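# Coordinates in review
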Amino acid sequence: MNAPEHLTATAAGTYQRLFEARGELVALRRELHTMPELGFEEHRTAARIVQALKACGVDEIHQGLGRTGIVATIHGQTTPGTPPRLFGLRADMDALPLREQNDFAWRSSTPGLMHACGHDGHCAMLVGTARYLAQTRRFAGTAVLVFQPGEEGYGGAREMIADGLFDRFPVESIYAMHNWPHLPPGKIGLNRGAMMAAADRVNITIQGRGGHGAHPHLSVDPVLIAGHVITAVQSLVSRNIAPIEQAVVSLCSMHAGEPSAFSVIPEAAQLTGTVRSFKPEVQQLLEERMTRLVESVALGFGASAKVDYQRLYPATVNSAREADFAVRVAQSLVGAENVDDKLVPSMGSEDFAFMLQARPGAYLRLGQGGPCGLHQPRYDFNDEILPLGSALFAALVEQGLPLAPH
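Within the structure shown, the criterion is met by 19 salt bridges. Among the salt bridges present, the one from Asp 351 reaches Arg 90, with a minimum N-O distance of 3.3 Å. Within this pair, whereas Asp 351 is found in the loop between strand 15 (339-340) and helix 11 (352-358), its partner Arg 90 is found in strand 3 (residues 86-92), the two being separated by 261 residues in sequence. No difference in accessibility class separates Asp 351 from Arg 90, as the two residues are buried.

The structure is reproduced here in structure tokens:
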């Protein structure tokens, strides 16, 4: 993907410099793809990133934050008497427990694990940014590059914060981006509010009374009750949440009895699912109503039910000022016609939300196109967008920490 003609001279120069390093970024990205690791197990990944950062010439590398996380710092130019300013960028490192179905040379070498979300690409982009910033240093302050473990359900951002991330590196703001197959390459999307939903997990246990399938009147059938629960919870959103709000309740797993025991009514049934929402008050209402509804349905059939409701990730919400800034930076890079600043939020979730609760910032989507979506066994990161992603990260730093005019 060559630099678009409408780029400013500065932006085009940044992109071109990173485009010239594209071969190294692609090689790193594909190497990372071959060695996927789950959350908090990213030891090889972290070691390879540290090696790449040292080759980039960053000023400091701090390891082991949030178990396997990395923070690299790059100092720009400073003005005597001016307090130091820190600007944060974040990439995620972990892979998914998914068996890859691609057959290219850089496919996963670990059966049952793969980079099916593009975190290998995110890391390569941020390494490219480190290389560029360390070489040019055209910014006034310190760039803080965060390589975060355990995004895929492990709360790695929360772990890094608890481990002192923002105490040791008090950034004014922090930004992250994620590849997005639903946008064409060269397009950038974000909005000025919620980008991704809060993710909650719900485990429901229905306790009945087992018996013989030929004599159901002598039992309290938890399978029948589970069916009524599944139907009933679909009313939670449609009849409790205002139509202009957004929420999703999905019960995705059910277990009761044994398939070979075709005539045995089991004693219990378990349901597992997820609840997604954007506003805390909607989240609270859904938790309360679900608990009451499930318990009441079970009681009506002479059984009991327990609801274990776990709040995993909060909603990922861009702060307005930082989102406006990110829009301007993106437009300066690819032109206003290639930036969607009213991107529709996703009901997926992202633990960068924890960082946005602690610091202002923004989460962006970087278009990558392609026939395959995220979290699928034939997904692969589009290497053509690596220079653009690195350039976008670099532009955020340079425009966020501008040099004083001479």
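Structure shown, so let's carry the discussion forward.
Together, Val 223, Ile 230 and Met 254 make up a nonpolar patch on the protein surface, roughly 210 Å² of accessible area in all. When you line up the elements, Ile 230 lands in helix 7 (residues 222-233).

The next point concerns the packing of helix 2 (residues 22-34) against helix 4 (residues 119-136). Closest axis-to-axis distance for the helix 2/helix 4 pair is 9 Å, and the angle between their directions is 145 degrees. When the axes of helix 2 and helix 4 are compared, the crossing they make is right-handed. Residues Glu 24, Leu 25, Leu 28, Arg 29, Leu 32 and His 33 of helix 2 pack against Asp 120, Gly 121, Cys 123, Ala 124, Val 127, Gly 128 and Arg 131 of helix 4. Across the contact of helix 2 with helix 4, the residue classes tally to six nonpolar, three polar and four charged.

Glancing now at the state of the cysteines. Think of a disulfide as a covalent bridge from one cysteine sulfur atom to another cysteine sulfur atom. According to the stated counting rule, one finds zero disulfides in the structure shown. Left without a disulfide partner, Cys 123 is nearest to the cysteine sulfur of Cys 117, which lies 12 Å away. Its relative accessible area of 1% is what places Cys 123 among the buried residues.

A few words now on the sheet that holds strand 13 (residues 304-313). Spatial ordering of the open sheet is given by 10-12-8-13, a layout of four strands whose pairing is antiparallel. Each edge of the open sheet carries a strand with a single partner, namely strand 10 (247-255) and strand 13. Averaged over all neighbouring strand pairs, the angle between strand axes comes to 20 degrees, with direction disregarded. In this structure, strand 8 (residues 198-207) lies alongside strand 12 (residues 268-277), joined through 10 bridges in antiparallel fashion. Residue pairing for strand 12: Asp 200 is matched across the bridge by Val 275. In this fold helix 9 (residues 280-300) packs onto strand 8, strand 10, strand 12 and strand 13, with an angle of close to 160 degrees to the strand it touches most, strand 13.

Contact geometry for helix 2 and helix 12 (residues 386-400): axes closest at 9 Å, N-to-C directions at 100 degrees. Accordingly, the angle class assigned to the pair helix 2 and helix 12 is roughly perpendicular. Here Arg 22, Leu 25, Val 26 and Arg 29 of helix 2 lie close against helix 12, whose contacting residues are Leu 386, Pro 387 and Ser 390. Class assignment for the residues of the contact of helix 2 with helix 12 results in four nonpolar, one polar and two charged.

On to the pairing of strand 4 (residues 142-148), then. Within strand 4, seven of the seven residues are buried, which leaves it mostly tucked inside the rest of the structure. Both strand 2 (residues 69-75) and strand 4 contribute to a ladder of six bridges, which runs antiparallel. Across the sheet, residue Val 71 finds its bridge partner in strand 4, namely Val 146. Note that strand 3 and strand 4 share seven bridges and pair parallel. Residue pairing across strands places Phe 87 opposite Ala 143, the latter belonging to strand 4. Assessed by its sense of winding, the connection that carries the chain from strand 3 through helix 4 to strand 4 is right-handed.

The subject of this paragraph is the packing of aromatic side chains. Within the structure shown, the criterion is met by eight aromatic pairs. Residues Phe 87 and Phe 325 carry aromatic rings whose centres are separated by 6.4 Å and whose planes lie at 70 degrees to one another, so their mutual orientation is edge-to-face. Of this pair, Phe 87 sits in strand 3 while Phe 325 sits in helix 10 (residues 320-334), and the two are 238 residues apart along the sequence. The two residues Phe 87 and Phe 325 agree in class, both being buried. A network of ring pairs unites the aromatic residues Phe 87, Tyr 175 and Phe 325 as a single cluster. Here the guanidinium or amino end of Arg 30 rests over the ring plane of Trp 106, the centre of that ring lying 3.6 Å away. Here the guanidinium or amino end of Arg 67 rests over the ring plane of Phe 40, the centre of that ring lying 4.0 Å away.

With 15 residues, helix 10 should cover 21 Å at 1.5 Å per step; its first-to-last C-alpha distance of 21 Å lies within 8% of that length. Buried residues of helix 10: Glu 322, Ala 323, Phe 325, Ala 326, Val 327, Val 329, Ala 330, Leu 333 and Val 334, and no others. With its phi angle positive at about 90 degrees, Gly 335 sits one or two positions after the end of helix 10.

Within the secondary structure, Glu 322 is located in helix 10. Glu 322 gets classed as buried once you look at its relative accessible area, which sits at 9%. In this structure Glu 322 touches Ser 173, Tyr 175, Pro 360, Gly 361 and Ala 362, once residues within four positions along its chain are discounted.

Criteria and thresholds
- Residues numbered from 1 in each chain as written.
- Predicted model: local features only at pLDDT ≥ 70, side-chain atom pairs only at ≥ 80, totals over all residues.
- Heavy atoms only, no water.
- Salt bridge = Lys/Arg side-chain N within 4 Å of Asp/Glu carboxyl O.
- Helix = DSSP H or I, 4+ residues; strand = E, 2+ residues; numbered from the N terminus.
- Buried < 20%, exposed > 50% of the residue type's maximum accessible area, 1.4 Å probe, protein only.
- Patch = residues over 30% accessible without salt bridge, like charges linked within 9 Å, V, L, I, M, F, W, Y side chains within 5 Å.
- Areas by Shrake-Rupley, 256 points an atom, 1.4 Å probe, with all protein chains shown as cover.
- Axes fitted to C-alpha atoms, helices over the stretch in contact; angles between N-to-C directions.
- Left-handed = near helix turned anticlockwise from the far one by under 90°.
- Contact = heavy atoms within 4.5 Å.
- Nonpolar A, V, L, I, M, F, W, Y, C, P; charged D, E, K, R; others polar.
- Disulfide = S-S within 2.5 Å.
- Pairing = 2+ DSSP bridges.
- Parallel < 35°, antiparallel > 145°, perpendicular 65-115°, else oblique.
- Right-handed = clockwise from strand over helix to strand, strands pointing away.
- Phe/Tyr/Trp six-rings, centres within 6.5 Å; stacked < 30°, edge-to-face > 60°.
- Lys NZ or Arg CZ within 6 Å of the ring centre and 35° of its normal.
- Expected span 1.5 Å × (residues − 1).

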